[in-house]
Every structure is written in structure tokens, then in C-alpha cells.
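Inside the fold
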Amino acid sequence: MNKVLAKAEKEAEKKDHKKQWIEKMIKSAKTYHKLCPHYDRKSSICFLTLGGAKCTREGRFENCPVFIEDLEKKYNDIVSKGKMLPMDYLDLSHTV
């Protein structure tokens, strides 16, 4: 029983760390970009979507599910490779 609880707590802590890192990256991206860095103003296309779909959020990325999903993928990729997580959004492109 204790092992199950310990495992659940460890997974919850991991998710919290992931969520904190994503929030830190969004806050860091806000300091450098007014609009989403993956948004094309002229054509209103989001570069993160595979089909090049129009951005429904008009470039705002604070609570954008596509931007958050991309950060989650990058987090999982970096952690699985055993690398250090970047502390700044600009450093993210250098690690991946």
C-alpha cells in the first residue's frame, strides 16, 4: 500500500514540475514576444499545426493549447534524453 502511495506522489511531483517548467517558458516567451513566435501575422497561420491551419487565437499564446502541447513534447523529449532543462525560452531552441 505504501509503495503505491509513494509511486503516486512521485508521479504527481513529476507532473507539477512539468507544469511549472511550462509556465516558466510561457512567461519567458512573453518577455521576448508580443505574439506567438510560431504565428505568421500576414497569413494568420500557426506553424505548429501540421496542416498550416489558421490560428484561432490571433497569435495570443498565454493559454493556447497548441503552444502548451508543443512545450510538453519538448519537455518530454529533453527529459527522456537526460539533458538539462533550459531556464529561458530562447535557450529552448539550442537544446532540442
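Scope of this entry: the structure provided in the associated data block. Remember, it's a predicted structure, so these values are computed and weren't measured experimentally.

Re the packing of aromatic side chains
Taken as a whole and judged by the stated rule, the model has three aromatic pairs. Judged by centre distance (6.1 Å) and plane angle (40°), the ring pair of phenylalanine 67 and tyrosine 89 falls under tilted. Separated by 22 residues along the polypeptide, phenylalanine 67 in helix H2 (residues 65-81) and tyrosine 89 in helix H3 (residues 89-95) bring together distant segments of the chain. Accessibility expressed as a relative area gives 0% for phenylalanine 67, which makes it buried. Residue tyrosine 89 is classed as buried on the basis of its relative accessible area, which comes to 9%.

A word on the side chain of serine 28
As for its position among the elements, serine 28 is in helix H1 (residues 2-32). Looking at serine 28, its side chain comes within polar contact range of the side chain of aspartate 88, at 2.4 Å. In this structure the side chain of serine 28 is engaged in a polar contact, spanning 2.9 Å, whose partner is the backbone nitrogen of tyrosine 89. In contact with serine 28, other than residues within four places in its own chain, are Asp88 and Tyr89.

Looking at H2
Between its first and last C-alpha, H2 extends 24 Å over 17 residues, near the 24 Å set by a 1.5 Å rise per residue. One or two positions beyond H2, positive phi appears at glycine 82, with a value near 80°.

Quick look at the pattern of salt bridges
By the definition in use, this model includes four salt bridges. Note that glutamate 58 and arginine 60 form a salt bridge whose closest N and O atoms lie 3.5 Å from each other. For glutamate 58, a relative accessible area of 54% translates into the label exposed.

What counts and how
- Residues numbered from 1 in each chain as written.
- Predicted model: local features only at pLDDT ≥ 70, side-chain atom pairs only at ≥ 80, totals over all residues.
- Heavy atoms only, no water.
- Phe/Tyr/Trp six-rings, centres within 6.5 Å; stacked < 30°, edge-to-face > 60°.
- Helix = DSSP H or I, 4+ residues; strand = E, 2+ residues; numbered from the N terminus.
- Buried < 20%, exposed > 50% of the residue type's maximum accessible area, 1.4 Å probe, protein only.
- Polar contact = N/O pair within 3.5 Å; in protein donor to acceptor, adjacent residues only side chain to side chain.
- Contact = heavy atoms within 4.5 Å.
- Expected span 1.5 Å × (residues − 1).
- Salt bridge = Lys/Arg side-chain N within 4 Å of Asp/Glu carboxyl O.

All quantities given are derived from atomic positions and should not be read as evidence of function.
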